Amino acid sequence: MLIYAVKRFGIAILVALTVSVLSFSMMYLSGDPAIALAGEGASQEDIENVRRVYGFNRPIIFQYVDWLLNALGGDLGHSNYLKSDVASVIFERLPTTMILGACALGFALVLSIPLGVLAAIRPNSLIDRIALTIAVVGQAMPSFWFALTLILWFSITWRLLPITGTGSWLNFIMPSIALGYYVTPAVMRLTRAGMMEVLSSDYIRTARAKGLRPMTVLFKHALRNAIIPVVSLAAVQFGFMLGGSIVIETIFAINGLGFLAWESILRADLPMMQAIVLVLSVFYIVLTFLADMLNAFLDPRIRVS
Amino acid sequence: MSDAVSTERPAAVAAEILEPSPGVLMRRRIFGHTGFMIGVVVLAAIFFMAIFAPLISPGDPYDQVLSRKLIPPIWHESAKATWEHPLGTDLLGRDYLTRLFHGARISLLIGFAAMLISGVIGTTLGVLAGYFGGRVDMVVNFIITTRLSMPAVLVALAVVSLVGSSLTMVIWVLGLLIWDRFAVVMRSATQQVRNLDFVTSAQAVGCSTPRILFFEIMPNIANSLIVIATIEMAHAILLEAALSFLGLGVQPPEPSWGLMIAEAKGMMFFDAWLIAIPGTALFALVLAINLLGDGIRDVTAPENRN
């Protein structure tokens, strides 16, 4: 277990380093950052000035190492637009996105796990068909269009829910559904496949033969084993949702990280963009690492191989 | 007794002769698969719309007639609805049906091109990792993990905003971003095939590695490749729509479906059909591609159906 954990941790660090190189190199994607920063109609002198002040005249590798060391120390640079510290803005916005992500994941799990279990108990039944239809339709629906449709129904036609903002928990209902439904097909399919495999295994037959109550067999014996891969999938999907929340947050004007990312992209605020990409990537790396550890802890077979 | 035998045997032989050929069985499976047939029909219709867009459109996708803006579609009980504009007109008086037809071209073009680029990258990485294993596998796995840890939508938006957005740029950015599933699936498919007897015998006969990869491995993983290709094409189309919706994909006045929804967003509370029409088109296209992919999987490899 320890060897596995150390190995897995080493890979995570390497991935994080590679991601940091990639997010840093975004700076040079548009050409010379000094020209971009100096703005239109800047004289050669101004550009040189910017280059010196921001340190763009130094070798790129030094700039990167500096940036990385600062980032490790919690200093993600200065926003070009907001005139404030990038890190503090990001950590101010992060909780909102986390809450949204958690609600969306909660919605997805509450919908997909029971459906997956029911579908596995009665394959090819009506409920299996319904679950399959939800999965197929869910995968095909553009999230932004789904979000707009939700607004049309719940806010305009029935006047039940507020459209924008983060004032109360009511504000989070539609964004959570819009963000979470995209995850449901994957979780549902995995739950269904896992449950079907477990239900046909020998130990379930034994448990049934012993005369245990069907519910006990189903939930205590079967679901516990079938749910293991779902846990790691959920962690991975949570990471995806934080990255994907940019569309949903923009539509519902939720003041989270995704909205911040969109604003920064429109303002060409490079340090902010870099930092957001880095933070979300590192968060994803941490999540997958934790998921792998949890998996190895729950399932001894992974540890051994 | 002897009578019974003599009548039974011809019957058994006849049953064997009457057993449908594999081709007939395949055709039965194809036509019996409702999802596959729906996918094929819808996709064919959208392809037809895209290819013949200039011929079947009632107008020009860029022609603005401001005096005729926001005409509702014909099923609306409004005096303004007219057969001249079956789906009405948008905020700038452009015929909506025409823009919908031309939008199909953009969606299909971007979806197909981005899928090709990502398919080449992902399949190369996946097949190499699966065939060689060991160090190559480790490196490829590392590249896949790195790619997965970067948020795709965000990176796509950032890159497009930095290098400037155009149709070609969107295709390349998407193609370079969404190869991960190709790599993951091709890798495991190759791993399953590479230890089979025919690969070993090809190695024993002394075939070159490229020959083995192209003529022994590839034909045997083509099934999963096609299925992933449909999934990724759908994925690329959805991402393009999302990028265009956020204003960083296809640029106006091009008629992208995502962009049409974005342009109509301000009017959606008064004229909901403005977002309902392109949204439904997008949904139908992606659904059809997914159904086609599921259908191909079921028809070519029925044993994998769950």
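Here the structure is a predicted model, which means the values were calculated and not measured.

**Concerning the overall build of chain B**
No. 1: For chain B, the count of helices and strands is 13 helices and zero strands.
No. 2: Along chain B, from the amino end to the carboxyl end, the secondary structure elements read α-α-α-α-α-α-α-α-α-α-α-α-α.
No. 3: Here the C-alpha radius of gyration of chain B, 25 Å, is well above what a compact globule of 306 residues would show, namely 19 Å.
No. 4: Principal axes of the C-alpha set define a box for chain B whose edges measure 85 × 65 × 30 Å.

**Brief notes about the overall build of chain A**
No. 1: In terms of regular secondary structure, chain A is built from 15 helices and zero strands.
No. 2: Taking all 305 residues of chain A together, the buried fraction comes to 39%.
No. 3: Within chain A, contacts between residues at least 6 apart in sequence are counted, and of these 72% link residues at least 24 apart.

**Description of the confidence of the model for chain B**
Residue and element names in this part refer to chain B.
No. 1: When pLDDT is averaged across chain B, the result is 85; 93% of the residues are at 70 or more.
No. 2: Confidence, read as mean pLDDT per element, is least for helix α1 (residues 2-18) in chain B (62) and greatest for helix α5 (residues 96-132) (93).
No. 3: The ipTM value of the predicted complex is 0.87, and its pTM value is 0.88.

**Details of the interface of chain B and chain A**
Quite often, the size of an interface is put as the accessible area lost when its parts meet.
No. 1: Taken together, the contacts link 34 residues of chain B with 35 residues of chain A.
No. 2: Within the residue set of the side of chain B that touches chain A, elements represented by two or more residues are α6 (134-149), α7 (152-163), α11 (209-245) and α13 (273-300) of chain B.
No. 3: The residue inventory of the side of chain B that touches chain A, partitioned by class, reads 26 nonpolar, seven polar and one charged.

**Some thoughts on the packing of helix α6 (residues 126-140) of chain A against helix α9 (residues 184-199) of chain A**
Residue and element names in this part refer to chain A.
No. 1: In the contact formed by α6 and α9, the axes pass within 8 Å of each other and the chain directions differ by 145°. In the packing of α6 onto α9, the handedness of the crossing is left-handed. Each of Ala 131, Ile 134, Ala 135, Gly 138 and Gln 139 in α6 lies in contact with α9, whose residues at this interface are Thr 184, Pro 185, Met 188 and Arg 189.
No. 2: Of the residues in the contact of α6 with α9, the class split is five nonpolar, three polar and one charged.

**Quick word on the environment of Val 230 of chain A**
Residue and element names in this part refer to chain A.
No. 1: Inspection of the secondary structure assignment puts Val 230 in helix α12 (residues 228-252).
No. 2: A tally of 22 C-beta atoms within 10 Å means that Val 230 is categorised as buried.
No. 3: Those residues in contact with Val 230 that sit more than four places away from it in its chain are Val 187, Leu 190, Thr 191 and Gly 194.

**Notes on the nonpolar core**
One broad rule of soluble globular proteins: the nonpolar side chains tend to lie buried together.
No. 1: Ranked by size, the top nonpolar core spans 162 residues in total, and within it Ala 147 and Ile 276 of chain A together with Leu 154, Ala 156, Leu 157, Leu 174 and Ala 242 of chain B carry the most contacts.
No. 2: Each residue touching Ala 147 of chain A, except ones within four places of it in the same chain, is listed here: Met 174, Ala 178, Ile 248 and Ile 251 of chain A.

**Quick word on helix α4 (residues 60-72) of chain A**
No. 1: For α4 of chain A, spanning 13 residues, the distance from its first C-alpha to its last is 18 Å, which sits close to the expected 18 Å at 1.5 Å a residue.
No. 2: Immediately beyond the C-terminal end of α4 of chain A, within one or two residues, lies Gly 74 of chain A, with a positive phi of roughly 90°.

**Examining the packing of α12 of chain A against helix α14 (residues 270-298) of chain A**
The description of two packed helices rests on the angle between their axes and on the distance between the axes.
Residues and elements named next belong to chain A.
No. 1: Direction vectors running N to C along α12 and α14 enclose 175°, while the axes themselves pass 9 Å from each other. Judged by the angle between their axes, α12 and α14 are roughly antiparallel. Of α14, the residues touching α12 (which contributes Ile 228, Val 231, Ser 232, Ala 235, Val 236, Phe 238, Gly 239, Leu 242 and Gly 243) are Leu 280, Phe 283, Tyr 284, Leu 287, Thr 288, Leu 290, Ala 291, Asp 292, Leu 294, Asn 295 and Leu 298.
No. 2: Looking at the contact of α12 with α14, its residues break down into 14 nonpolar, five polar and one charged.

**Section: unusual backbone geometry**
No. 1: Pro 252 of chain B connects to Pro 253 of chain B through a cis peptide bond whose omega is 5°.
No. 2: Structurally, the position occupied by Pro 253 of chain B is in the loop between α11 and α12 (257-264).
No. 3: Positive phi values are uncommon outside glycine, yet Ala 253 of chain A reaches one of about 50°.
No. 4: With respect to the helices, strands and loops of the structure, Ala 253 of chain A is situated in the loop between α12 and α13 (257-266).

**So, the environment of Ala 42 of chain A**
All names here are of chain A.
No. 1: Here Ala 42 shows up in the loop between α2 (33-38) and α3 (44-54).
No. 2: Judged by local crowding, Ala 42 falls into the partly exposed class, with 16 C-beta atoms found within 10 Å.
No. 3: Distance from Ala 42 to Ser 281, taken between C-alpha atoms, is 35 Å for residues 239 residues apart in sequence.

Rules of the game
Residues numbered from 1 in each chain as written. Chains lettered and ligands numbered in written order. Predicted model: local features only at pLDDT ≥ 70, side-chain atom pairs only at ≥ 80, totals over all residues. Helix = DSSP H or I, 4+ residues; strand = E, 2+ residues; numbered from the N terminus. Rg over C-alpha atoms; globule rule 2.2 N^0.38 Å. Buried ≥ 20, exposed ≤ 12 C-beta atoms within 10 Å, placed from the backbone. Contact = placed C-beta atoms within 7 Å. pLDDT = per-residue confidence, 0-100. Nonpolar A, V, L, I, M, F, W, Y, C, P; charged D, E, K, R; others polar. Axes fitted to C-alpha atoms, helices over the stretch in contact; angles between N-to-C directions. Left-handed = near helix turned anticlockwise from the far one by under 90°. Core = buried A, V, L, I, M, F, W, Y, C linked by C-beta atoms within 7 Å. Expected span 1.5 Å × (residues − 1). Parallel < 35°, antiparallel > 145°, perpendicular 65-115°, else oblique.

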